[in-house]
Amino acid sequence: IVIDEAPMVNESFGVDIESFGIPIICLGDLQQLPPVIGGSKYLIRPDYVLTKIMRQAEGNPIIYLSQLASRGEHIPYGDKCYVIPKDRINDSMLLNADMIITPTNRSRIRYNRYIREDLRRITSELPVEGEKLICRKNNRNRIIGDNVYLVNGMLGYVRSVNKGSYNGKTLDISFTPDFNENLIFNNVKLDYKTLMNSIQTDNEKYTKGFSMFDMFEFGDVITVHLSQGSQAENVLFISEPFGCDRSLQAKLEYTGITRAREGLIYAY
């Protein structure tokens, strides 16, 4: 069994995995986020640590900023990396970033709604062609291309919408993952309530229940937790306090910064 992002596996999941009696290889970035619930089971004392950075080019200031973030130190300005107050974020930044991330669901909801309704002027409650969504539920029964499954955290775009299928609860769409526009998940039965909760919850308090249908949320802005494992050329990272754990905050900052391969706007 090969586990990627192994620091996110908690002790309960680790016990389940080990119960099969199969050898396990664990991989992951020691500076990234721990499990949402419980403590990390693996890579507490790794056998090997790789130190050569592969995501960014050698000398890229993102590397320097990520090291500062992992130590909880002040983030300065740098070439290709802009550090600005949050009130300096403008519409152009929001529309042109390849990925926008923030630690909290409150801000994710607010920015997603603003981008959709105020910047893109989308008045339809139903998603429209070209809108960016993020899958929030694994569906191993849906497979396309070379063993590409519909999985939680997959970002992509609405390819088409079957408006006639909308019954108040579900809507049929086709969905293209952002890493290959030639792959299309057809006849995806999208859970409508899950989608709309991602921009219209009361008091912007995020709740996500279970659905028997495919679960998607609007994906212009995602949380740092959901971004882990992803990357983009140019990232807008809207930093915010997340609880009072300084170690967790440092990991959030590090993870957010290192999603960028080339350019970064760090808004604090």
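Residues numbered from 1 in each chain as written. Predicted model: local features only at pLDDT ≥ 70, side-chain atom pairs only at ≥ 80, totals over all residues. Heavy atoms only, no water.

### Observations concerning the packing of aromatic side chains
- Throughout the structure, instances matching the rule amount to three aromatic pairs.
- Centre to centre, the rings of Phe 237 and Tyr 266 are 5.6 Å apart; their planes meet at 70 degrees, and the pair counts as edge-to-face. Residue Phe 237 is located in strand β13 (residues 232–238), and its partner Tyr 266 is located in strand β14 (residues 260–267); the two are separated by 29 residues in the primary sequence. This pair shows no difference in class: Phe 237 is buried, exactly as Tyr 266 is. (Phe/Tyr/Trp six-rings, centres within 6.5 Å; stacked < 30°, edge-to-face > 60°. Helix = DSSP H or I, 4+ residues; strand = E, 2+ residues; numbered from the N terminus. Buried < 20%, exposed > 50% of the residue type's maximum accessible area, 1.4 Å probe, protein only.)

### A closer look at the packing of helix α4 (residues 105–119) against helix α5 (residues 192–200)
- Between α4 and α5, the least distance of the axes is 7 Å, while the angle of their chain directions is 95 degrees. The angle between the axes of α4 and α5 places the two elements in the roughly perpendicular class. Residue-level inspection shows Arg 108, Ile 109, Asn 112, Arg 113, Arg 116 and Glu 117 of α4 in contact with α5, the latter providing Asn 197, Ser 198, Ile 199 and Gln 200.
- In terms of residue class, the contact of α4 with α5 is made up of two nonpolar, four polar and four charged. (Axes fitted to C-alpha atoms, helices over the stretch in contact; angles between N-to-C directions. Parallel < 35°, antiparallel > 145°, perpendicular 65-115°, else oblique. Contact = heavy atoms within 4.5 Å. Nonpolar A, V, L, I, M, F, W, Y, C, P; charged D, E, K, R; others polar.)

### A closer look at the sheet that holds β14
- Taken in spatial order, the five strands line up as β3-β14-β13-β4-β12 in an open sheet, and their pairing is parallel. Two strands close off the open sheet at either side, each with one partner strand: β3 (81–84) and β12 (221–223). Taking each pair of neighbouring strands and ignoring which way they run, the sheet shows an average axis angle of 25 degrees.
- Sheet topology places strand β4 (residues 99–102) next to β13; three bridges connect them, and they run parallel. What sits directly across from Ile 101, in β13, is Phe 237.
- Against the sheet, α4 touches β4, β12 and β13, its axis set at about 170 degrees to β12.
- Against the sheet, helix α7 (residues 246–257) engages β4, β13 and β14, with an angle of about 145 degrees to β13. (Pairing = 2+ DSSP bridges.)

### Re a nonpolar patch on the surface
- Together, Ile 1, Phe 20 and Ile 22 give the surface a local cluster of nonpolar side chains, amounting to about 300 Å² of exposed area.
- Relative to the helices and strands, Ile 22 resides in the loop between α1 (11–18) and β2 (25–26). (Patch = residues over 30% accessible without salt bridge, like charges linked within 9 Å, V, L, I, M, F, W, Y side chains within 5 Å. Areas by Shrake-Rupley, 256 points an atom, 1.4 Å probe, with all protein chains shown as cover. Salt bridge = Lys/Arg side-chain N within 4 Å of Asp/Glu carboxyl O.)

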